[in-house]
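# Secondary and tertiary structure notes
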Amino acid sequence: MKLSNKIVLVTGGTSGIGLEAAKLFREEGATVIIVGQNPDRLQSVAGQLGDSVTVLRGDVSKPAAVESIIKQISEKFGRIDVLFANAGMGLASPLEAVTEDQIDRQFDVNFKGVFFAIQKAAPLLAKGGSIIVTTSFLNEVGVPGLSILSATKAAVRSLVRSLGAEFAPRGIRVNAVSPGLTSTPFHGKLGLSEKQLNEAASAIGNRVPLHRFGEAGEIAKAALFLASDDSSFMTGSELVVDGGLTQI
Ligand SMILES: NC(=O)c1ccc[n+]([C@@H]2O[C@H](COP(=O)([O-])OP(=O)(O)OC[C@H]3O[C@@H](n4cnc5c(N)ncnc54)[C@H](OP(=O)(O)O)[C@@H]3O)[C@@H](O)[C@H]2O)c1
């Protein structure tokens, strides 16, 4: 058991990578708290995972909501050992169609959501704690129509280095897991038609040396490595799990 007696918070734990990570962390002995915002998905996860996880509703793009979540965790559990700041979303749009609202929504969830989760959780984290942020292959490659999503992920990649430096004196590690194309509901929420989605998926998919999408469980295993003491000498790093897309 790699996470025995650990209190683990997973944002975006109701779907895809976060959900698989929450299941794996629980199997490894953690007490898991999941945050999402969609009430149906929260209910479905609570039904699937039962009493062994705590499910909290909150929009991570709102600092006050994040503060309220952390307060609830503080009152019930008193500390956080592992924070997996994974909640994210994207909106596809070519340069000429990008609006200010699209920029705000993506930065609010993907950057501010991560930043404030870390800031508000910081007082509850103790020596030996681990913070993991989900970045993306989009840090490293350019994809048409994904400029803003990619910029949010580059921003959080940078944050992992800066906050890694700030947390190091406290013995708390900060790392990123960087998924490649991964089979989750994420792509269906980009605002693309099915035809556009299929074309984009095959264009990027053809660039993956291992010739397939990743599975959410494969990213979850990397997150487990970063969460546990197996990665005790890593901080400020980004663990790339992308079938070679950005590496070969
Ligand atoms: N799938 C890929 O190909 C891929 C590739 C690279 C990086 N990533 C990153 O991986 C992470 C997880 O994505 P996924 O692929 O697992 O997608 P997903 O299945 O769509 O899951 C996204 C999760 O984030 C939550 N979320 C979104 N906005 C939120 C908000 N404002 N407040 C609280 N929770 C929010 C969702 O909850 P609700 O449903 O309740 O909104 C859901 O639980 C994201 O950061 C994404 O950018 C994914």
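Summarised in this report is the structure supplied together with it. (Residues numbered from 1 in each chain as written. Predicted model: local features only at pLDDT ≥ 70, side-chain atom pairs only at ≥ 80, totals over all residues. Heavy atoms only, no water.)

Here we take up the overall build of the protein chain. On a plain count of helices and strands, the protein chain comes out with seven helices and nine strands. Relative to the compact-globule value of 18 Å for 248 residues, the protein chain shows a C-alpha radius of gyration of 17 Å, a close match. With the C-alpha coordinates of the protein chain rotated into their principal frame, the extents come out at 45 × 35 × 30 Å. A buried classification covers 49% of the 248 residues belonging to the protein chain. Pairs at least 24 apart in sequence give 72% of the contacts found in the protein chain among residues at least 6 apart. Total accessible area computed for the protein chain in this model is approximately 11,400 Å², and 53% of it derives from carbon and sulfur atoms. With 24 positive and 24 negative side-chain charges, the protein chain shows a separation of 4 Å between the mean positions of the two kinds. (Helix = DSSP H or I, 4+ residues; strand = E, 2+ residues; numbered from the N terminus. Rg over C-alpha atoms; globule rule 2.2 N^0.38 Å. Buried < 20%, exposed > 50% of the residue type's maximum accessible area, 1.4 Å probe, protein only. Contact = heavy atoms within 4.5 Å. Areas by Shrake-Rupley, 256 points an atom, 1.4 Å probe, with all protein chains shown as cover. Lys, Arg positive; Asp, Glu negative; His and termini not counted. Charge placed at Lys NZ, Arg CZ, Asp CG, Glu CD.)

Under the counting rule described, the total for this entry stands at three aromatic pairs. Taking the centre distance of 6.4 Å and the plane angle of 20° together, the rings of phenylalanine 111 and phenylalanine 115 count as stacked. With phenylalanine 111 and phenylalanine 115 both in helix H4 (residues 100-121) and four residues apart, this pair spans about one turn of that helix. Ring-pair connections join several aromatic residues into one group, and the members of that group are Phe111, Phe115 and Phe116. (Phe/Tyr/Trp six-rings, centres within 6.5 Å; stacked < 30°, edge-to-face > 60°.)

This part is about the site of the ligand. Contacts to the ligand come from 30 residues, most closely from Ser15, Asn38, Arg41, Thr184 and Lys189. Here an oxygen atom of the ligand and a side-chain polar atom of histidine 187 are 2.8 Å apart. For the ligand, whose accessible area on its own is 890 Å², the fraction buried by protein is 97%. Broken down by class, the residue content of the shell around the ligand amounts to eight nonpolar, 18 polar and four charged. (Near = heavy atom within 4 Å. Polar contact = N/O pair within 3.5 Å; in protein donor to acceptor, adjacent residues only side chain to side chain. Nonpolar A, V, L, I, M, F, W, Y, C, P; charged D, E, K, R; others polar.)

Further remarks concern H4. The first and last C-alpha atoms of H4 sit 29 Å apart over 22 residues, in line with the 32 Å expected at 1.5 Å per residue. Maximal helix bending in H4 amounts to about 40°, located at aspartate 108. Within H4 the residues assigned to the buried category are Gln102, Gln106, Val109, Asn110, Gly113, Val114, Ala117, Ile118 and Ala121. Of the surrounding secondary structure, the elements contacted by the buried residues of H4 are helix H3 (63-77), strand E4 (80-85), strand E5 (125-134) and helix H5 (147-167). (Expected span 1.5 Å × (residues − 1). Bend = angle between axes of the 7 residues up to and from the residue.)

Before going further, it helps to examine the environment of proline 123. Relative to the helices and strands, proline 123 is located in the loop between H4 and E5. You can call proline 123 exposed: its relative accessible area is 65%. Sequence separation between proline 123 and isoleucine 80 is 43 residues, and the spatial gap between their C-alpha atoms is 9.0 Å.

Glancing now at the side chain of asparagine 110. In this fold, asparagine 110 is placed in helix H4. According to the relative accessible area criterion, asparagine 110 is buried, its value standing at 1%. Within the structure, the side chain of asparagine 110 is placed 3.1 Å from the side chain of threonine 152, a separation counted as a polar contact. For asparagine 110, the residues in contact, after removing those within four places along its chain, are Ala87, Gly88, Met89, Leu149, Thr152, Lys153 and Val156.

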